[in-house]
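Spelled out, the chains give:
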Amino acid sequence: MKHLFLSLCLCVSVFLLSCSSRPDNPTLVSQLPAIYPDYIGVTIPADIAPLNFNFSDEAIDRMDVIVKGDKGGELHVNGEWADFDIDEWHALTEQNQGGKLTVTVCTEKDGQWTQYKDFDIFVSEARLDDWGLTYRRIKPGYEVGGDIGIYQRELGSFDEYAIITESVVPGRCFNCHTANRTNPNRLTMQMRGEGGGTMIQKDGHQTWVETKTDSTKAAGSYSYWHPQGDYVALAVNSVHQAFFTGTGQRIEVYHTFSNVEVLDTRTNELILSPLLQTDDLEIFPAFSHDGRWLYYSTSKPCRVPAEYEKVKCSLCRIAFDAEKGVFGETVDTLLNGPATDKSYVLARPSYDGRWLMYCTSSRGNFPVSQNDADLWLMDLKTGESRELKELNTPQSESYHNWSENSRWFVFSSKREDGMYTKLYLATIDEQGRISKPFLLPQRNPKKFYREMMDAYNCPDFTKTKVSLDAHETYRQVFENKREHVKIR
Amino acid sequence: MKTGMAKYWKIGLSVLVGIGMFLFWYVVYPHALSYQEQYQLFLWTWDYLLERLSLPGGFADWLGEFIVQFFYLEWLGALSLALLFVALQRLTARLLPESWLLLSVVPVALLWWLMGDINVLLSLPVAVVLALALVCVRVRRSWSWADVLILPAAYWLIGPAVWLYAVIRVLQLGWKHLWSAGWLLALQLMAYAWLLPQWPLQMAMTGLSYYRIPLHYPQWNGYDKDMYELIRLDYLVRKERWDDIVKRASEYQVKTPFWSNCVNLALAEKRLLADRMFDFYQSGEDALVMPRVRDLTSMLPSAETFWHLGMVNSAQRYMFDTQESILNGRKSGRCTKRIAECMLVNGHYQTAAKQIALLKKSLFYCGWASEAEQMMGDEAKINAHPVYGKLRRLRYKDNFLYSYDEMDKMLGLLFQNNPENKMALDYFMGQMLLKGNVQGFVQFMGWVQQYGGYRQMPLGYQDAMRCIQSQGKVQGSPYANYVKRMTERRHP
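About the criteria used
Residues numbered from 1 in each chain as written. Chains lettered and ligands numbered in written order. Predicted model: local features only at pLDDT ≥ 70, side-chain atom pairs only at ≥ 80, totals over all residues. Heavy atoms only, no water. Salt bridge = Lys/Arg side-chain N within 4 Å of Asp/Glu carboxyl O. Helix = DSSP H or I, 4+ residues; strand = E, 2+ residues; numbered from the N terminus. Buried < 20%, exposed > 50% of the residue type's maximum accessible area, 1.4 Å probe, protein only. Polar contact = N/O pair within 3.5 Å; in protein donor to acceptor, adjacent residues only side chain to side chain. Contact = heavy atoms within 4.5 Å. pLDDT = per-residue confidence, 0-100. Buried area = accessible area lost by both parts, 1.4 Å probe. Pairing = 2+ DSSP bridges. Axes fitted to C-alpha atoms, helices over the stretch in contact; angles between N-to-C directions. Core = buried A, V, L, I, M, F, W, Y, C linked by side-chain atoms within 4.5 Å.

Novice: Requested: an account of the pattern of salt bridges, with residues and values cited.
Specialist: Residue and element names in this part refer to chain A. For the coordinates displayed, the defined rule picks out 61 salt bridges over all chains. Here Lys 300 and Asp 280 are joined by a salt bridge, their closest N and O atoms 3.1 Å apart. Of this pair, Lys 300 sits in the loop between strand E22 (293-299) and strand E23 (314-321) while Asp 280 sits in the loop between strand E20 (269-271) and strand E21 (281-287), and the two are 20 residues apart along the sequence. For Asp 280, a relative accessible area of 18% corresponds to the buried category. Between Glu 451 and Lys 447 there is a salt bridge whose closest N-O contact spans 3.3 Å. Of this pair, Glu 451 and Lys 447 are both found in helix H4 (residues 445-451), four residues apart, which corresponds to roughly one turn of the helix. Each of Lys 202, Asp 230, Asp 264, Arg 266, Glu 269 and Arg 488 takes part in a single network of salt bridges with overlapping partners.

This is how it looks when you write it as structure tokens:
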């Protein structure tokens with residue numbers, strides 16, 4: 001019986017081995033392999049999930065991939081696509097931190113193996129240090145949100161977890177989830193429409209606040225935590241969409257009004273400034289790394305949607321005193337939209353105070369819908385800005401955020417198809433040099449991204465896994481219990 | 001002899017149920033089948049099955065969707081439903097004493113009546129049938145402890161309909177077996193607490209996939225005549241059976257913008273809009289095209305209208321928003337196909353490829369998807385296509401912002417864009433009449449004469465002109481009646 005079992009095992013092993021053919025006298029070609037995603041020459045953190053990839057030509061029978069580290073270590077996979085073991089991948093990247101991995105790709109088609117030119121993947125000295133990413137997934141539709149959800153993804157693996165999905169709060173639109181500098185012990189989220197409100201979660205305790213008052217025009221939306229963890233800056237606005245008849249850009253998103261305010265989450269008091277409550281449209285607030293400044297964008301009011309091309313945002317800042325909870329009395333204009341015929345929005349200062357990343361487009365205050373939205377970087381030491389040509393494409397780049405150590409950033413881009421935003425990560429060094437961005441890795445990327453019918457938006461790093469009791473969210477939303485705010 | 005008669009009676013009753021159900025769905029309510037089919041897209045993949053099985057009731061849900069995909073062909077859908085109801089009747093009959101055989105049609109009748117609620121999903125009858133089938137397995141009395149294992153497995157596969165099994169078992173085995181009900185309740189609570197973090201308690205207890213609208217429950221309203229009439233018209237629009245719509249509209253009307261949209265589209269397709277538009281009920285300015293409504297049905301006729309007119313972007317938008325309004329988060333085969341078509345016409349091949357890849361995994365859309373895949377990127381092929389090529393010629397050449405409030409101008413520009421687009425001309429003139437823009441109507445009558453292709457001025461326009469000239473004082477004028485009705489609505 002024992003012999004029979006061993007013989008069976010042997011037969012199965014031989015059969016399996018015979019199925020996985022290896023490169024045998026491959027034809028060498030001098031071109032780089034056409035792989036998806038394009039991971040050729042990218043820079044990655046050691047603690048990222050394996051950069052699995054497929055061959056672009058689906059007609060191949062097999063791939064054989066060898067990854068060698070210049071500081072040692074080797075990985076070898078053979079199959080339909082390059083599918084690396086997570087632990088083995090991490091062992092290799094850890095060993096080669098600060099070095100590079102050289103990837104040799106062979107493909108088999110009709111019994112003939114082809115070996116392509118090797119390419120490198122650089123492993124940065126800078127680690128990610130964050131647990132993962134949070135983001136919203138939504139169909140890239142029009143005026144109906146549909147089956148949306150806020151998710152978190154562990155960056156060291158391919159695991160994704162729901163934070164809150166439509167199923168627990170049916171028919172509600174939620175977004176603008178924001179943690180404090182990647183730390184989810186401070187978390188805010190907005191729900192629009194009927195039963196809407198602003199969720200404030202501090203150290204695991206969830207409360208829902210009605211931020212609309214008689215003195216403010218609407219409930220809060222786009223938000224940003226003060227680094228101290230007690231204040232949240234909110235844009236208060238009314239967002240709408242208009243639709244094009246041509247075959248280029250589909251949607252023009254516009255706001256009919258917008259102001260900026262700060263909520264003191266200890267007292268539920270709103271702190272207003274006449275400089276941020278004007279007839280102009282103040283939008284997308286973000287505190288500086290030390291909390292002494294509040295960046296935001298502002299544009300002159302115009303008759304939207306008819307005059308959508310006239311929406312030009314300037315990038316401004318105003319002082320904020322967290323001790324007293326008061327704003328400064330002057331506004332600095334850092335980038336003048338009307339003067340340069342551009343629109344500057346979504347200011348995101350790095351948490352080390354070194355850089356300010358923002359979106360530039362020809363118009364508008366909602367860059368994800370603008371095809372020409374690009375990322376720019378301001379050196380906060382010199383005040384000089386430059387376009388991040390290393391990562392911009394003719395399609396929209398937007399929704400950027402920094403990792404906690406400010407050495408990595410995530411952004412969304414429509415570069416692949418102009419509609420379904422995907423997430424890319426890149427690193428920045430002391431001199432402000434940007435690496436080639438890489439698409440968020442997936443187990444079987446081609447299958448995953450082809451079948452993914454959602455667009456990613458509002459990505460942010462998260463230091464630890466977010467803990468949100470969705471059952472409690474359901475109770476609070478449907479019981480409509482809201483704490484009301486006062487004006488300070 | 002008596003046993004033989006009883007046997008024939010048993011079979012006869014089942015045959016009767018089967019034939020009755022088949023005829024009902026195939027002859028009387030085929031549109032109800034189309035309605036259900038268009039709000040799902042069953043995929044023949046393991047991922048799809050596993051996704052369904054990841055939730056309680058997932059197997060019943062999957063099986064329900066599996067059956068509903070066959071509703072694409074009305075006869076096959078009716079046959080599937082008939083078989084399901086026969087199974088229900090037979091299983092019920094097995095559980096009843098022989099003399100109560102006739103009562104076995106009661107659950108059939110109840111479920112049939114319940115299915116009149118358009119949001120009841122087939123997973124509910126399927127789950128009921130599976131629960132009864134489980135009872136019929138007849139686990140021996142001495143093995144009643146087996147329910148400790150059967151209940152969690154059954155709950156996960158068919159959902160809370162397993163209560164039917166639990167209750168019948170208690171009735172069969174006596175009150176000592178009541179512990180199983182407590183066990184089932186505990187199972188549901190445990191599932192809610194640990195396995196369903198993204199679902200409300202209410203749904204964990206009553207089912208995640210029996211009803212299309214979360215946190216709502218089936219209504220005992222049966223088959224509402226007007227609602228099913230609208231569903232019928234939408235079905236006829238989907239099948240492009242324009243003559244049937246016009247015929248049906250002459251027999252019965254439902255005074256809603258949805259009805260007007262369907263009828264006007266059919267009239268336009270038959271080139272009767274200019275002649276007969278006001279012979280039928282017109283709901284107002286929204287009678288040709290409705291504004292956006294957040295539900296899964298209302299925008300469909302308008303989306304089809306946009307498509308036939310050549311307003312491709314608007315057709316895509318309405319279809320997309322319709323699909324996203326399906327509150328149980330399912331895809332729609334009908335909407336996905338149309339979205340893919342819009343993308344093909346607009347040359348957005350990469351995004352079209354996504355939709356097409358999805359459709360290729362279905363049974364009834366994969367044929368079209370394979371054909372469409374061959375066209376992707378082949379401009380000459382698309383330009384030569386009878387529908388897509390025509391729409392490319394009809395669609396807007398200029399890029400500007402859509403405005404529902406200025407629909408007449410939108411339609412006028414569409415016509416100006418390509419004077420061959422006679423449907424746009426009819427809609428343009430019709431929209432001005434609906435809006436009461438008589439100056440515009442009179443001003444652009446020249447377009448009708450020059451481009452309309454009519455031998456004489458259409459009867460509807462003659463009537464409207466008479467009405468305008470006599471300031472509405474024309475006896476029996478359909479347009480005058482419309483104007484009067486609108487005036488009364490504005491100033492009651």
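Let's pick the thread back up.
Novice: Before we move on, can you summarise the side chain of Ser258(A) with the specific residues and values?
Specialist: Residue and element names in this part refer to chain A. Assignment of secondary structure puts Ser 258 in strand E19 (residues 251-264). For Ser 258, a relative accessible area of 1% translates into the label buried. Separated by 2.6 Å, the side chain of Ser 258 and the backbone oxygen of Glu 282 make a polar contact. Residues in contact with Ser 258, not counting those within four places in the same chain, are Ala 235, Val 236, Asn 237, Asp 280, Leu 281, Glu 282 and Ile 283.

Novice: Before we move on, could you go through the confidence of the model for chain A and cite the residues and values that matter?
Specialist: Here chain A averages 93 in pLDDT, and 96% of its residues register 70 or above. Low pLDDT, under 50, characterises residues 9-19 of chain A; the predicted model gives this stretch one contact beyond four residues in sequence or across chains.

Novice: Run through the interface of chain B and chain A, naming residues and quoting values.
Specialist: Facing 39 residues of chain B, the contacting portion of chain A comprises 42 residues. For the chain B face of the interface with chain A, the top three residues by lost area are Gln198(B), Lys354(B) and Leu401(B), together amounting to 22%. For Arg292(B), the salt bridge goes to Glu143(A), with nearest N and O atoms at 3.1 Å. Run the count over chain B and chain A and you get 26 residue pairs in polar contact (both at pLDDT 80 or more). Contributing elements (two or more residues each) for the side of chain B that touches chain A: helix H17 (312-324) and helix H19 (349-359) of chain B.

Novice: A description of the sheet that holds strand E15 (residues 197-202) of chain A should follow, citing residues and the corresponding values.
Specialist: All names here are of chain A. The five strands are arranged E13-E14-E15-E16-E34 in an open sheet whose pairing can be described as mixed. Here the strands that pair on one side only, and so sit at the sheet edges, are strand E13 (173-180) and strand E34 (483-484). As judged from the six bridges shared by E13 and strand E14 (residues 183-192), these two strands associate in the antiparallel manner. Directly across from Thr 178, in E14, lies its bridge partner Thr 188. Lying on the sheet, helix H5 (residues 470-478) is in contact with E14 and strand E16 (205-210); it crosses E16 at an angle near 25°.

Novice: A description of the nonpolar core should follow, citing residues and the corresponding values.
Specialist: One broad rule of soluble globular proteins: the nonpolar side chains tend to lie buried together. Core analysis: the biggest nonpolar cluster contains 270 residues, and Phe53(A), Val65(A), Trp25(B) and Met311(B) have the highest contact counts within it. Once residues within four sequence positions are removed from consideration, Trp25(B) is found in contact with Pro30(B), Ala32(B), Leu33(B), Ala78(B), Leu81(B), Trp112(B), Met115(B) and Tyr223(B).

Novice: Describe unusual backbone geometry, and please don't skip the residues or the numbers.
Specialist: Residues and elements named next belong to chain A. A cis amide bond links Tyr 36 to the next residue, Pro 37, at an omega of -5°. Tracing the backbone through its elements, the reader meets Pro 37 in the loop between strand E2 (35-36) and strand E3 (43-44). A cis amide bond, omega 5°, links Val 304 with the succeeding residue Pro 305. You can see Pro 305 is positioned in the loop between E22 and E23. Phi at Thr 182 takes a positive value of approximately 75°, unusual for a residue other than glycine. Within the secondary structure, Thr 182 is located in the loop between E13 and E14. A positive phi angle, close to 55°, is found at Asn 268, a residue other than glycine. Within the secondary structure layout, Asn 268 lies in the loop between E19 and E20. Judged by relative accessible area, which is 11%, Asn 268 ranks as buried.

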